[in-house]
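# Coordinates in review
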Amino acid sequence: MLQGVAYRMLGRVADAEDVVQEAWLRWSAADHAAVREPRAYLVRTTTRLAIDRLRQVQTRRETYVGPWLPEPVRTDLQTAVPDGEERAVLAESVSLAVLVVLESLSPLERAVFVLREAFGFPYAEIAAALDRGEAAVRQLGGRARRHVAERRPRFEVDPAQQRELTERFLTAATAGDLDGLLAVLAPDARLVGDGGGKRKAPLRVLFSAQKVGRFLAAVGTTPIPEPGYRFLELNGAGGVLFTSGGRPYTAVLADVAGGRIQSLYLVSNPEKLEHLLSGRPPWR
């Protein structure tokens, strides 16, 4: 749970792991007899550390090369989460579209939103974790919900349709087939690429099917050593992980509506991909 809180706050597995490790170090040094509720203590410590880390990384992201995207995670490894409503909540709370919107919230707003909307903590407990009054926390939560509702795009969550469109996209992209790409892209499709200056990716968001299609047709036919791909569940939705020599190369996630791909997210920064083939969940 602590790892899940920290990941939703920070958008990176490594940062989340660092925060949780620090929280456990503080717990190990605490007087356990004086802590009446260990769970609340750990959530409070993790949240406050995540807020501090978020403020630090936001400064670093100002000099990031190109768009910054959250690190994709494999939600198919979350075996402790059953099918049905709980899995739908998990998928929604870690979807890339939602995490991108959360980037525009203040650290305190993001903390309240994550604890309330993703984990269902009562406002009184959130107020104690943030050392704020309950009325102030309710205001933060309301402001965060309105902001997310206004900016979060509404897409269809139909796994079969998403898989079918992803397969058609994959076939067209790897063949450099512009017409095939235009057939699956919405006219106003957009593409957000995150290469971090380490791999090829657009330095700005691309808008329109023509621009997105031309870029994908060009990169799809660029030779890489020992190419391959795998279909994975990434951030609650179907995605594709392209590999080179058996190592992660680019993760592709798509948002679908009206039978077309509306948004594409390409994460090729190698620092954000290594864990995808590790076979272990990013949190428990």
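It should be emphasised that the depicted structure is a prediction, and the values quoted were computed from it without experimental measurement.

## Section: the pairing of strand E5 (residues 247-257)
Taken across its eleven residues, E5 has nine buried, putting it largely inside the fold. Inspection of the sheet shows strand E4 (residues 237-244) paired to E5 by six bridges, in the antiparallel sense. Bridged to Phe242 within E5 is Thr250. With antiparallel pairing between neighbouring strands as the criterion, E4 and E5 make up a hairpin whose turn holds two residues, including Gly245 at a positive phi of roughly 60°. As paired strands, E5 and strand E6 (residues 260-267) are joined by seven bridges and run antiparallel to one another. The residue bridging Ala257 from the neighbouring strand is Arg260, located in E6.

## Regarding the sheet that holds E5
Overall, mixed pairing links the six strands, which are arranged E2-E1-E6-E5-E4-E3 in an open sheet. In this open sheet, the two edge strands, each paired with only one partner strand, are strand E2 (206-207) and strand E3 (227-234). As paired elements, strand E1 (residues 185-194) and E6 share six bridges and run parallel to each other. Paired with Asp194 across the two strands is Val267, which belongs to E6.

## Some thoughts on unusual backbone geometry
Even without a glycine there, the phi angle at Asp131 is positive, about 55°. Structurally, the position occupied by Asp131 is in the loop between helix H7 (123-130) and helix H8 (134-151).

## Observations concerning the pairing of E4
Among the eight residues in E4, six count as buried, and that is most of the element. In the sheet, E3 pairs with E4 via eight bridges, with the strands oriented antiparallel. From the neighbouring strand, Tyr229 faces E4, where its bridge partner is Phe242. In this antiparallel pair of consecutive strands, E3 and E4, the connection spans two residues, and Asn235 shows a positive phi of 50°.

## So, H8
For an α-helix, the turn length of 3.6 residues means that residues three or four places apart are oriented alike. Here H8 spans 26 Å end to end across 18 residues, near enough to the 26 Å set by a 1.5 Å rise per residue. Those residues of H8 not exposed but buried are Val137, Leu140, Gly141, Gly142, Ala144, His147 and Val148.

## Brief notes about the nonpolar core
In this structure, Tyr7, Met9, Leu102, Val112, Ile126 and Leu130 are the most contacted members of the largest nonpolar core, which totals 43 residues. Take this core: its biggest share by element is eight residues, from helix H3 (residues 38-61). Sequence-distant contacts of Ile126, that is, excluding residues within four places in its chain, are made with Val112, Leu115, Arg116, Phe121 and Val137. With 24 residues, the next largest nonpolar core counts Leu181, Ala189, Leu191 and Leu206 among its residues.

## Re the side chain of Asp255
Mapped onto the fold, Asp255 is located in strand E5. Looking at Asp255, its side chain comes within polar contact range of the side chain of Tyr265, at 3.2 Å.

Quick notes on the rules
- Residues numbered from 1 in each chain as written.
- Predicted model: local features only at pLDDT ≥ 70, side-chain atom pairs only at ≥ 80, totals over all residues.
- Heavy atoms only, no water.
- Buried < 20%, exposed > 50% of the residue type's maximum accessible area, 1.4 Å probe, protein only.
- Helix = DSSP H or I, 4+ residues; strand = E, 2+ residues; numbered from the N terminus.
- Pairing = 2+ DSSP bridges.
- Expected span 1.5 Å × (residues − 1).
- Core = buried A, V, L, I, M, F, W, Y, C linked by side-chain atoms within 4.5 Å.
- Contact = heavy atoms within 4.5 Å.
- Polar contact = N/O pair within 3.5 Å; in protein donor to acceptor, adjacent residues only side chain to side chain.

All quantities given are derived from atomic positions and should not be read as evidence of function.
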